[in-house]
Each structure stands twice: as C-alpha cells, then as structure tokens.
Amino acid sequence: MASLDVLLAFAAATALFAYFPGPALLYTAAQTLTRGRRGGFMAALGIHLGCYVHVIAATLGLSAVFQHVPELFVAVKIAGAAYLVWLGIGMIRNRGFGAELPAVAPKSVRRALAESFLVELLNPKVAIFFIAFLPQFVDPAASLPVWAQFLILGVVVNLAFSSADLITVVFAAAVVGRLKRAGRAQRLARAAGGALLIGLGARLALERN
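This structure is a prediction, so every number in the text was calculated from the model and none was measured.

Trainee: Explanation requested: helix 1 (residues 4–19) in the structure shown.
Mentor: Note on helix geometry: an α-helix contains 3.6 residues per turn, so any two residues three or four positions apart are oriented the same way. For helix 1, spanning 16 residues, the distance from its first C-alpha to its last is 22 Å, which sits close to the expected 22 Å at 1.5 Å a residue. Those residues of helix 1 not exposed but buried are F10, A13, T14 and A18. For helix 1, the buried positions fall inside an angular range of 130 degrees around the axis, keeping them on one side. Opposite the buried face of helix 1, at more than 90 degrees from it, the exposed residues are L4, D5, L8 and L16.

Below you can see the structure in the form of structure tokens.
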C-alpha cells in the first residue's frame, strides 16, 4: 500500500467527501422524511450496495469508459436524473407510500432499497469519482497488486459514505418522530422529500459534467 502520509491524506479527503452535504445525504434525508427510519436505512443500504458496483467497475478499469465515451456518460446521467424526478413526483403524489410516516408498509421499505440501488447505479458521477480519486492513493510499486489496492480503498470510501448516510437517517428520523401525530406536517414532509428528489434530478440533468 501507499505510505502512511498518503494514507492519512486519503483518510482526510474521504472524510471530507463523505460528510460534506451533497446529493447522497439529501437523498437519504428525503427517503427518511417520506418512508420513516426503516425506509431511510433501506435507502442507505441500497446506495451502499449500488456503490460497490462502481467500486468493482473502477477496480476493473470499466469506469474509464465514461471518460472516453462522453455520449454514454450523458445517456446514463439523463436516465438517472429522470428516475429521480419520477421518484420525487411519486412521493408528492403519495404513490406507493403509506398514509402515515411512522408505519411504513414493508413493500414500501423494500422498494426504498431497490430504488436507491438503481439511483446509485445510474449515477455516472460516482463512477467518475472513483476512477479519478482512488488512483491518487494507489502505489504501483507496492507488493499488493494495484487491483487489490483499488478494491480496498474503494470499500473504505464506500463505508465512510454509508456512515454519513446513516447519521443523516438518524437525524431525519428524529424529525419524522416529531411529525408523528401531525397529519398536515406529514404531508408537508412527503412534499419536501419529493421536492428534494426532483431538485436533485434537475441538478444532475443540467450539470455539464
């Protein structure tokens, strides 16, 4: 592996990327506001599992395809953005979500896992991030193969990101708990969650790179 100084720099950079408020944290907050704590945890798990696909792709060098085929990058980005907007509209219209936030149907919780996995999978920026970030901390001269270094560093980054997601779910769930007996507030929470997803989708679609 790389030297201790490089690994410390990697840890600091990973923590900064993980805990700086961004689309992933907003997404898990939106899912928690809409589906409650269990739904939020399932959303975080879906993102975590989906991220492993990008980690493996980076390890195999597949993520570099996005850098050399910009049309593919744009196509995947637009698909992911459209899916986020579709999910947001579904939240606002209350399609597939229980009437009460604290008592979320098991089907809705399972759907949060599947939807979040797909959202992460359709985010090409995650693939680009890994292929750009991880090589900075890989040592080709180390005894450990480069692919193994990629894999280990990618797993560490994913775990750090997921820890931030879990903390977000806990805080968002506390807000949900305060809304437990307020029907109007619950509707507003669902609308806020849906608006967050629509906004994230629009941002992803409009970003140039």
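Trainee: What is the right way to read the nonpolar core from this model?
Mentor: Within soluble globular proteins, side chains that are nonpolar tend to cluster in buried spots. Within the largest apolar cluster, 14 residues are counted, with the highest numbers of intra-cluster contacts made by F10, F130, F133, L134, F137, L153 and V157. In this structure, Y27, A43, I47 and Y83 belong to the second largest nonpolar core, which totals ten residues.

Trainee: Looking at this structure, how should I read the environment of A112?
Mentor: With respect to the helices, strands and loops of the structure, A112 is situated in helix 5 (residues 106–121). Between the C-alpha atoms of A112 and R35, which are 77 residues apart in sequence, the distance is 8.1 Å. With sequence-adjacent residues up to four places away left out, A112 is seen in contact with Q31, R35, G39, M42 and A43.

Trainee: What is the right way to read the UniProt feature "transmembrane region" (unreviewed entry) in the protein from this model?
Mentor: Under the feature "transmembrane region" (unreviewed entry), the UniProt entry names residues 6–29, 41–66, 72–92, 146–176 and 188–206. Regarding residues 6–29, the helix share stands at 88% and the strand share at 0%, and the terminal C-alpha atoms are separated by 33 Å.

Trainee: Can you walk me through the confidence of the model for the protein in this structure?
Mentor: Keep in mind that low pLDDT regions are not for reading the predicted coordinates in detail. When the pLDDT values of the protein are averaged, the result is 78; 79% of them are 70 or greater. Per-element mean pLDDT across the protein ranges from 67 in helix 3 (residues 64–68) up to 89 in helix 7 (residues 146–178). Ignoring residues within four places in sequence, the model shows residues 95–104, a span with pLDDT below 50, making 29 contacts including any to other chains.

Reading guide: rules and limits
- Residues numbered from 1 in each chain as written.
- Predicted model: local features only at pLDDT ≥ 70, side-chain atom pairs only at ≥ 80, totals over all residues.
- Heavy atoms only, no water.
- Helix = DSSP H or I, 4+ residues; strand = E, 2+ residues; numbered from the N terminus.
- Expected span 1.5 Å × (residues − 1).
- Buried < 20%, exposed > 50% of the residue type's maximum accessible area, 1.4 Å probe, protein only.
- Arc of directions from axis to C-beta.
- Core = buried A, V, L, I, M, F, W, Y, C linked by side-chain atoms within 4.5 Å.
- Contact = heavy atoms within 4.5 Å.
- UniProt positions renumbered as here; feature names shortened; annotations may be inferred.
- pLDDT = per-residue confidence, 0-100.

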